[in-house]
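Below, each chain spelled out in residue letters.
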Amino acid sequence: QVQLVESGGGLVQPGGSLRLSCAASGFTFSLYHMRWYRQAPGKERELVAQIFNTGTSIIAVDSVKGRFTISRDNAKSTVYLQMNSLKPEDTAVYYCSGNRLSTTHWGQGTQVTVSS
């Protein structure tokens, strides 16, 4: 059974940090490109960051460059999103996904709220 389980979300004050984790099972994690998306209330889901199966990563949103870092641990079948200097506009549900060829798996999402 394929599963992607996100964790690490929560309420944090502006300027704080969170590390999201996404634990994968049921597929060969090391072959998959992994992504973090987010969806804020009333907005479309947007790609935040991607890490390829080779380990090369990109940050897709200009507003988080220099603050967010994506990484993966193939031995643990887990992808991470380190989020620093958080801002209220980072508030969203964060989703991870795994993609290979025409197959995409999704997690259920984890809420991140940045507020004082």
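Please read all numbers here as calculations on a predicted model, not as lab measurements.

## Section: the overall build of the chain
Thinking step 1. Along the chain, the regular secondary structure elements total 0 helices and 11 strands.
Thinking step 2. Starting at the N terminus and walking to the C terminus, you meet the elements of the chain as β-β-β-β-β-β-β-β-β-β-β.
Thinking step 3. The globule rule puts the C-alpha radius of gyration for 116 residues at 13 Å, and the 13 Å found for the chain is close to it.

## Side note on the sheet that holds strand E7 (residues 68-73)
Strand pairing in a sheet relies on backbone hydrogen bonds. The paired strands run either parallel or antiparallel.
Thinking step 1. As summarised here, the arrangement of the 4 strands in space is E1-E3-E8-E7, forming an open sheet in which the pairing is antiparallel. Unpaired on one side and paired on the other, strand E1 (3-7) and E7 mark the two borders of the sheet. Ignoring which end each strand starts from, the neighbouring axes of this sheet average 15° apart.
Thinking step 2. Here E1 pairs with strand E3 (residues 18-25) via 5 bridges, running antiparallel. Counterpart to valine 5 in the pairing with E3 is alanine 23.

## Some thoughts on the environment of threonine 104
Thinking step 1. Within the element layout of this structure, threonine 104 appears in strand E10 (residues 103-106).
Thinking step 2. C-alpha separation for the pair threonine 104 and glycine 55, spaced 49 residues apart in sequence, amounts to 18 Å.
Thinking step 3. Those residues in contact with threonine 104 that sit more than four places away from it in its chain are Ser97, Gly98 and Asn99.
Thinking step 4. Here the side chain of threonine 104 touches asparagine 99 through a polar contact of 3.1 Å, side chain to side chain.

## A look at the side chain of asparagine 99
Thinking step 1. Take asparagine 99: it is sitting in strand E9 (residues 92-100).
Thinking step 2. Polar contacts involving the side chain of asparagine 99 include one to the main-chain carbonyl oxygen of threonine 103, which spans 3.3 Å.
Thinking step 3. Apart from residues lying up to four places away in sequence, asparagine 99 is in contact with Tyr32, His33, Arg35 and Thr104.

## With respect to the state of the cysteines
Thinking step 1. For the structure on display, the rule yields 1 disulfide.
Thinking step 2. Two residues share a disulfide in this structure: cysteine 22 and cysteine 96, whose sulfurs sit 1.9 Å from each other. With a gap of 74 residues between them, cysteine 22 in strand E3 and cysteine 96 in strand E9 connect regions that are remote in the sequence.

## Notes on the environment of cysteine 96
Thinking step 1. Residue classification places cysteine 96 among the buried positions, given a relative accessible area of 0%.
Thinking step 2. Expressed as a C-alpha distance, the spacing of cysteine 96 and arginine 35, which sit 61 residues apart in the sequence, is 5.5 Å.
Thinking step 3. Discounting residues that sit within four places of it in the chain, cysteine 96 has contacts with Leu4, Glu6, Cys22, Arg35, Trp36, Val79, His105, Trp106 and Gly107.

What counts as what
Residues numbered from 1 in each chain as written. Predicted model: local features only at pLDDT ≥ 70, side-chain atom pairs only at ≥ 80, totals over all residues. Heavy atoms only, no water. Helix = DSSP H or I, 4+ residues; strand = E, 2+ residues; numbered from the N terminus. Rg over C-alpha atoms; globule rule 2.2 N^0.38 Å. Pairing = 2+ DSSP bridges. Axes fitted to C-alpha atoms, helices over the stretch in contact; angles between N-to-C directions. Contact = heavy atoms within 4.5 Å. Polar contact = N/O pair within 3.5 Å; in protein donor to acceptor, adjacent residues only side chain to side chain. Disulfide = S-S within 2.5 Å. Buried < 20%, exposed > 50% of the residue type's maximum accessible area, 1.4 Å probe, protein only.

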